[in-house]
Amino acid sequence: MEAFIQAHEGVIRLSFFLGMLIVMGIWETLLPRRTLSVSRWARWLNNLGLVVFNSVLLRLIFPAAAVGMAAYASSQGWGLLNQVDWPPLVTILLAVVVLDFAIWLQHVMFHAVPVLWRLHRVHHADLDYDVTTGLRFHPIEILLSMLIKFAVILVLGPPVVAVILFEVLLNAGAMFNHGNVRLPPALDRIIRWVIVTPDMHRVHHSVEDDEANSNFGFNLSIWDRVMGTYRDQPRAGHLDMTIGIHGYRDKKQVTWLSGLLTLPFIGRVKGYAINRRQWQGSDNE
Ligand SMILES: [Zn+2]
C-alpha cells in the first residue's frame, strides 16, 4: 500500500486536486454563498493561470518536493520520528497534525512580518472568495513555503506517506474552506469543532484588520481555538462583509495575472508592520 502510494504520488495528488476543483465548482455554481464582483471566467483564468505557473516553477526548482525530502530524511535516519519505533498509524497521524500546526504558524508569520505580508497579500487581495482563492499565492511565497516545509521535515522526520497525505489534505482543505458555499448552520457548527469550514475561514479574508488576523487555520480548527485567534463570524455578516484588502481594490492589479505577480513590489514596506496598523472598527477586545 505504502509503496503504491509513493509510486503514484503525482497521479494521486492531481486526481484529488481536479476532483475537488470540479466538486467545489459545481457546488459554487448551484448554490453560491455570495455574488461575485468580478466575472468568474476572469477569476478562474487568472487564478488558475497562477497555479499552473507556480506548479511548473516548483517542479523546476524543487523536483523532488516535500515527499523527496521526507524520503531522504528517512534514508539518512534524520528527524525525531525516525528515532522512534512507534506503530506506523501513530507516527503518520502525529506527523500530519504537527505539519498542520507548522503551516498554521507559518501563516501567522506571513501576516505578522511586513515583508512576508507583501507576498501573502496576493492571496488576500482577491476581491471575491471562491475555490480558486484558496490556490492563488505569489510564486515567492510558494517557494518559501516549500523551504519551510523542508526544514520542518528535516526536524520531524515524518513518514513519506504522511507527507503525501498532508499535501493532499492541505490542498483539498484549502479548496473546500475557500469555497463560495455554505454548510447548513447546524452542520457548520459541528464540523468546525474539528475542521475549518468555509464560513470560518471567510472571516480571515475580511478587509477589517482584526478579522483578517483571525482564523489562520487551513485544516484543523484547534490551533486558532487554543492560540486565541479564533473568531466565530464576521461583524457585517457573510453577505455584507467586504472581502480583500483596504487600498487594493484596482481590478486590474488584483485580478489579472500580471498584477498579481507585481503586487508584492508596490507600496512602502512599513505599510503593514504589526506595530503600525491603524485598527478600524475595533471592538475593544
Ligand atoms: Zn492569510
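Our subject is the structure that appears above.
Note that the coordinates shown come from a computational prediction; the quantities given were computed from them, not determined experimentally. Starting afresh in each chain, residues are numbered from 1 along the sequence in its written order. In keeping with the predicted nature of the model, local features appear solely for residues at pLDDT of at least 70, side-chain atom pairs appear and are counted solely at 80 or more, and the whole-chain, interface and lining totals rest on all residues. Calculated side-chain values reflect all of the structure's heavy atoms, with hydrogen atoms and water omitted.

## Describing the overall build of the chain
Numbering of helices and strands runs from the N terminus, with a helix taken as a DSSP run of H or I at least four residues long and a strand as a DSSP run of E at least two residues long. For the chain, the helix and strand inventory stands at 14 helices and 0 strands. Listed by position from the N terminus, the elements making up the chain come as α-α-α-α-α-α-α-α-α-α-α-α-α-α. Radius of gyration here is computed from C-alpha atoms only, and the compact-globule reference equals 2.2 Å multiplied by the residue count raised to the power 0.38. The C-alpha radius of gyration computed for the chain amounts to 19 Å, which stays within 12% of the reference 19 Å derived for 285 residues, consistent with globular compactness. Based on the C-alpha atoms only, the size of the chain along its principal axes is roughly 50 × 45 × 40 Å. Think of it in three bands: residues with accessible area under 20% of the maximum for their type are buried, residues over 50% are exposed, and the middle band is partly exposed, with areas taken using a 1.4 Å probe on protein chains only. Evaluated residue by residue, the chain yields a buried proportion of 51% over its 285 residues. Note on contacts: a residue pair is in contact if any heavy atoms of the two residues lie within 4.5 Å. Counted over contacts in the chain with a minimum sequence separation of 6, partners at least 24 positions apart contribute 75%. In short, Shrake-Rupley with a 1.4 Å probe defines the accessible areas, and a residue's cover is counted only from the protein chains shown. Total accessible area computed for the chain in this model is approximately 13800 Å², and 69% of it derives from carbon and sulfur atoms.

## Quick look at the pattern of salt bridges
It is possible for side chains of opposite charge to pair when their charged atoms get near one another. The salt bridge definition used is simple: a Lys or Arg side-chain nitrogen within 4 Å of an Asp or Glu carboxyl oxygen. Within this structure, the stated rule accounts for 12 salt bridges. Salt-bridge contacts for Arg33 lead to Asp199; the nearest nitrogen and oxygen are separated by 2.8 Å. Of this pair, Arg33 sits in the loop between α2 (9-30) and α3 (40-61) while Asp199 sits in helix α10 (residues 198-202), placing them 166 residues apart in sequence. Relative accessible area serves as the criterion here: at 14%, Arg33 is assigned to the buried category. Between Asp126 and Arg43 there is a salt bridge, with its nearest N and O atoms 2.6 Å apart. Of this pair, Asp126 sits in the loop between α6 (114-124) and α7 (139-156) while Arg43 sits in helix α3, and the two are 83 residues apart along the sequence. We note that Asp126, like Arg43, is buried. One continuous salt-bridge network, built from bridges that share partners, spans Arg43, Asp126, Asp130 and Arg136.

## Describing unusual backbone geometry
Despite not being glycine, Ala65 shows a phi value in the positive range, around 55 degrees. Note that Ala65 resides in helix α4 (residues 65-76). Backbone geometry places Asn215, a non-glycine residue, at a positive phi of 50 degrees.

## Describing α3
Taking 1.5 Å of rise per residue, 22 residues should cover 32 Å, and α3 covers 31 Å from first to last C-alpha, within 8% of that figure. Within the sequence span of α3, burial applies to Ala42, Arg43, Trp44, Asn46, Asn47, Leu48, Leu50, Val51, Asn54 and Leu58. The secondary structure elements touched by the buried residues of α3 are α2, α6, α7, α13 (251-255) and α14 (257-262). In this scheme, a helix's expected span is set at 1.5 Å multiplied by one less than its residue total.

## So, the environment of Ala125
Note on placement: Ala125 falls in the loop between α6 and α7. On a C-alpha basis, the gap between Ala125 and Asp250 in space is 9.6 Å, while along the polypeptide they are 125 residues apart. Here Ala125 is in contact with Arg136, Ile245, Tyr248, Val254 and Leu263, once residues within four sequence places are set aside.

## Here's the deal with the nonpolar core
As a rule of thumb, soluble globular proteins bury nonpolar side chains together. Working definition of a nonpolar core: buried Ala, Val, Leu, Ile, Met, Phe, Trp, Tyr and Cys residues. They are joined through side-chain atoms within 4.5 Å. By size, the foremost hydrophobic cluster in this structure holds 29 residues, and its most contacted members are Phe62, Met146, Ile153, Val163, Phe166 and Phe218. The set of elements that each furnish at least two residues to this core consists of α4, α5 (88-112), α7 and α8 (160-177). Per-element tally for this core: the top contributor is α8, with 8 residues. Setting aside anything within four residues of it in sequence, one finds Phe62 in contact with Leu143, Met146, Leu147 and Phe150. Counting residues in each nonpolar core, the second largest holds 14 residues, with Met24, Trp44, Leu135 and Phe176 among its members.

## A look at α8
Between its terminal C-alpha atoms α8 stretches 26 Å, which fits the 26 Å expected from 18 residues at 1.5 Å a residue. In terms of residue burial, α8 counts as a mostly covered element, since 15 of its 18 residues are buried.

## Details of the environment of Asp224
In this fold, Asp224 is placed in helix α12 (residues 222-227). Expressed as a C-alpha distance, the spacing of Asp224 and Ala7, which sit 217 residues apart in the sequence, is 35 Å. If near-sequence neighbours (up to four positions away) are discounted, Asp224 is found in contact with Trp104, Met200, Asn215, Phe216, Gly217, Thr229 and Tyr230.

## So, a nonpolar patch on the surface
On the surface, a nonpolar cluster with roughly 620 Å² of combined accessible area is contributed by Leu14, Leu18, Ile22, Ile26, Leu30 and Leu31. The topology assignment puts Leu14 in helix α2. In this structure Leu14 comes out as partly exposed when scored by relative accessible area, which is 49%. Without a salt bridge and with relative accessible area above 30%, a residue can belong to a patch; like charges are then joined within 9 Å and nonpolar side chains (Val, Leu, Ile, Met, Phe, Trp, Tyr) within 5 Å.

Geometry only, nothing functional implied.
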